[in-house]
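Geometric and topological summary
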Amino acid sequence: MEKKISLKYSVFVLATIFISIFVSCKTQTEEEPQEMLYFYNVTKDTAVKVCHLIQPLDGTAATNYRKFTEKESEEKTVLQGTVIEQISKNYTGFTAKAMAQKQLSDGTWQINVYYIRNTITITLNGAGGYFGSKEVLTKEDLYGKPFPSAYTLGLTHAEQYFNGWNTELDGTGESYNDADFTFEQDLTLYAQWVEYLSVTAQEAAQKIKGLSSGSYKLKLTGTLTNDIIKNINSALYANADRLVALDLSETTGLTELSDYAFSASSGFKGTSITKLILPSTVTKIGSHCFYHCKNLVSVEAPGVTVIEEWAFYGCSDLNSVSFAQIMESIDSVCFYNTSLEEITLNAKSLTHMVLGDNKKLKTITIGPNVEQISSFGTIDSGNTALETIIVDSLNYYYKTIDGILYTKDGKILLRCPSNSNITSLAIPKNVTTIGVWAFADCKNLTEINISYTVTYISRNAFYNTTSISSIFIPSTVTKLDSLVFYNWESSQTINISEQTKPSGWDDYWSNYSNAKINWGQTK
């Protein structure tokens, strides 16, 4: 008798618990169901509704059954004492963990079966690449979770590019595209590496869009047009986390890169291109072609003879360029704010400020083909690390003396490098003209002697040469442009032979200068 009372009491308690927590497949209950219990409230076959609910992928804990979501439901006939194993289903990646029951208002019964996600383990072998300092990395996560990209995991290789995963080291097994699969089964995967990814020109833009974050090298084949380049540019611009090196050397059909080819048509943003190799058929690089491409490191353009204005403006990582041995022209502000340390210019025509604000530039070489350096201005400005200018001995139009650039006849002093080691300079006696920006930013120059052959000093000639304590302007200087002593300080002195301003001197010759001016001086 005592045993029967105990059993009835237990059944009553359990029934009370389950009725209080169970409402429907979708209901959020106040208490969690008990694990692995049986269906007990009937004595004969009973038709019930069975709801199967699975653990979601939103971070819900394996014991927070109230937030499980319904996968499916069914009508089923069960007996008293039916346990979870008898009514649960075999869902791949899930394990039936608990069930709850409720008698509905019409007297029928409903059972909820709860399934938790299995934990999947994937072992990754860098196969020559490394996850930081580790070559092997183990990742565990719930079944169905998206697998992170190689870039997110920090996988890198010193020389090659990631090309997905494979179940075999030699790539003969099953392949898995990067970040395009989920945790589904325990696996060991090996990284696959290639020197470059081969793709047709027509497919390149779509290929870039399909890449995950990381660094890649694409080698294009087939016919290439500026319309295709435009599509590639759009893909690079829209997917800035794909750092892409492009080898176009085996493509055909392209003869020039159009304006803004690899940059935005407006704003101050370029694309994520890191390196470019052009086919020899390309002879021209258009205006603003790589404008603000801050990730661009190198350009090889063996056929290019014309580079238009602002082509490499703001390419702050650019440290290597090569073009045709003989060029026609390089336009103004072409290489501005780059990381070039040296450059050879061998175009017939070099326009205003071809090189500007390149803080690492130490050497400029003027090739034998250079015939004209723009009279409007200097070839460089703001290259504060520039130490020397070299002119090829075969050049008929220009020469250098101690790293300073002159016309071949020595009559025009064109440019003294900003970081020249020259501290004292006597301008040669055959010089008649000191060029535009000739001594701009020459921080090491403390003394200069202007010869009596000099008749013309051009605009901004001594811009920001603040280490010179004083300078003497002889009476032979009959023409003086504006802003010659721009940014001179009050501690500096300008001594002038003439008693008053000569008629050939610009009215603004001393504007933006705080230097003391003494007239009627002798040397």
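Residues numbered from 1 in each chain as written. Predicted model: local features only at pLDDT ≥ 70, side-chain atom pairs only at ≥ 80, totals over all residues. Heavy atoms only, no water.

Quick look at the overall build of the protein chain now. Along its length, the protein chain carries 4 helices and 40 strands. Each of the 523 residues in the protein chain was classed as buried or not, and the buried ones make up 48%. Here the protein chain has roughly 24,800 Å² of accessible surface; of this, 47% comes from carbon and sulfur atoms. (Helix = DSSP H or I, 4+ residues; strand = E, 2+ residues; numbered from the N terminus. Buried < 20%, exposed > 50% of the residue type's maximum accessible area, 1.4 Å probe, protein only. Areas by Shrake-Rupley, 256 points an atom, 1.4 Å probe, with all protein chains shown as cover.)

Okay, the confidence of the model for the protein chain next. Across the protein chain, pLDDT averages 88, with 90% of residues at or above 70. In the model, residues 27-31 has pLDDT below 50 throughout and makes 10 contacts with residues more than four positions away in sequence or in other chains. (pLDDT = per-residue confidence, 0-100. Contact = heavy atoms within 4.5 Å.)

Phi is positive for Asp 402, which is not a glycine, with a value near 55°. Residue position: Asp 402 is located in the loop between β30 (398-401) and β31 (404-407). Taking the relative accessible area as the measure of exposure, Asp 402 reaches 65% and is therefore exposed. The phi dihedral of Asn 464 is positive, around 60°, even though this residue is not glycine. In this structure, Asn 464 sits in the loop between β36 (456-457) and β37 (470-473). Assessed through its relative accessible area of 23%, Asn 464 is described here as partly exposed.

Moving on, we get to the pairing of strand β23 (residues 342-345). Of the two faces of β23, only one is covered, namely that formed by Ile 343 and Leu 345; the face formed by Glu 342 and Thr 344 stays uncovered. As paired elements, β23 and strand β26 (residues 363-366) share 4 bridges and run parallel to each other. Directly across from Glu 342, in β26, lies its bridge partner Thr 363. (Pairing = 2+ DSSP bridges.)

Further remarks concern the sheet that holds strand β40 (residues 516-518). The strand order across the open sheet formed by 3 strands is β37-β39-β40, and the pairing between neighbours is parallel. If you trace the sheet from one side to the other, it starts and ends with β37 and β40, each paired once. Across the sheet, the mean angle separating the axes of adjacent strands is 15° when strand polarity is ignored. Judged from the 4 bridges that link them, β37 and strand β39 (residues 493-496) form a sheet pairing that is parallel. Bridge pairing in β39 places Phe 472 opposite Asn 495. (Axes fitted to C-alpha atoms, helices over the stretch in contact; angles between N-to-C directions.)

To continue, consider the sheet that holds strand β19 (residues 306-307). Taken together, 6 strands build an open sheet; the order of strands is β15-β17-β19-β21-β24-β27 and the sheet is parallel. Looking at which strands have only one partner, the edges of the open sheet turn out to be β15 (256-257) and β27 (372-373).

The first and last C-alpha atoms of helix α4 (residues 226-238) sit 18 Å apart over 13 residues, in line with the 18 Å expected at 1.5 Å per residue. Burial in α4 covers these residues: Ile 228, Ile 229, Ile 232, Asn 233, Ala 235 and Leu 236. In an axial view of α4, the angular spread of the buried residues amounts to 165°, which keeps them on one side of the axis. Of the residues in α4, the exposed ones pointing more than 90 degrees away from the buried face are Asp 227, Lys 230 and Ala 238. Elements in contact with the buried residues of α4: α3 (204-210), β13 (214-223), β14 (242-252), β15 and β16 (273-277). (Expected span 1.5 Å × (residues − 1). Arc of directions from axis to C-beta.)

Right, let's talk about the side chain of Ser 458 for a bit. One can find Ser 458 in the loop between β36 and β37. A distance of 2.9 Å separates a polar side-chain atom of Ser 458 from the backbone oxygen of Ile 434. Other than its neighbours up to four places away in sequence, Ser 458 contacts Thr 433, Ile 434, Gly 435, Val 436, Asp 481 and Val 484. (Polar contact = N/O pair within 3.5 Å; in protein donor to acceptor, adjacent residues only side chain to side chain.)

A word on the environment of Lys 399. Here Lys 399 shows up in strand β30. Given a relative accessible area of 24%, Lys 399 falls into the partly exposed group. With residues up to four places along the chain from it excluded, the contact list for Lys 399 reads Val 391, Ile 404, Leu 405, Tyr 406, Thr 407, Lys 408 and Gly 410.

Per the counting criterion, the structure on display carries 30 aromatic pairs. Considering the side-chain rings of Phe 94 and Tyr 143, the 5.7 Å spacing of their centres and the 70° angle between planes classify their relative orientation as edge-to-face. Of this pair, Phe 94 sits in strand β3 (residues 94-103) while Tyr 143 sits in the loop between β7 (136-142) and β8 (155-156); the two residues are 49 residues apart in sequence, bridging distant segments of the chain. You'll find Phe 94 and Tyr 143 in the same group, each marked buried. Centroid distance Tyr 486 to Tyr 512: 5.1 Å. Interplanar angle 25°. Geometry classified as stacked. (Phe/Tyr/Trp six-rings, centres within 6.5 Å; stacked < 30°, edge-to-face > 60°.)

Bringing the nonpolar core into the picture now. The biggest cluster of nonpolar side chains holds 65 residues, and the ones touching the most others in it are Leu 246, Leu 257, Phe 262, Ile 285, Phe 290, Phe 312 and Phe 335. Top contributing element to this core by residue count: α4, with 5 residues. Not counting the four nearest positions on each side in its chain, Phe 290 is found in contact with Leu 257, Phe 262, Ser 263, Leu 276, Ile 285, Leu 296, Ala 311, Phe 312, Tyr 313 and Cys 315. Listed in part, the 33 residues of the second largest apolar core include Val 48, Ile 54, Tyr 143 and Leu 155. (Core = buried A, V, L, I, M, F, W, Y, C linked by side-chain atoms within 4.5 Å.)

Our next topic: the pattern of salt bridges. Counted under the stated rule, the structure contains 10 salt bridges. The shortest N-O distance in the salt bridge between Lys 145 and Asp 141 comes to 3.5 Å. Lys 145 sits in the partly exposed class, given a relative accessible area of 23%. The salt bridge involving Asp 507 is made with Lys 501; its shortest N-O contact spans 3.3 Å. A cluster of three or more residues bridged by salt bridges with shared partners is formed by Glu 72, Glu 74 and Lys 89. (Salt bridge = Lys/Arg side-chain N within 4 Å of Asp/Glu carboxyl O.)

Next up on the list: the state of the cysteines. The full count for this structure, using the stated rule, is 0 disulfides. Looking at the unpaired Cys 293, the closest cysteine sulfur is the one in Cys 315, lying at 5.3 Å. Cysteine Cys 334 is unpaired, with the sulfur of Cys 315 as its nearest cysteine sulfur at 9.3 Å. Given the relative accessible area of 0%, Cys 334 is considered buried. (Disulfide = S-S within 2.5 Å.)

Examined bridge by bridge, strand β5 (residues 119-125) and strand β11 (residues 187-194) share 4 bridges and lie parallel to one another. Within β11, the position partnered with Leu 124 by the bridge is Leu 189. Alignment of strand β9 (residues 161-166) against β11, held across 4 bridges, turns out to be antiparallel. Paired with Trp 165 across the two strands is Ala 191, which belongs to β11.

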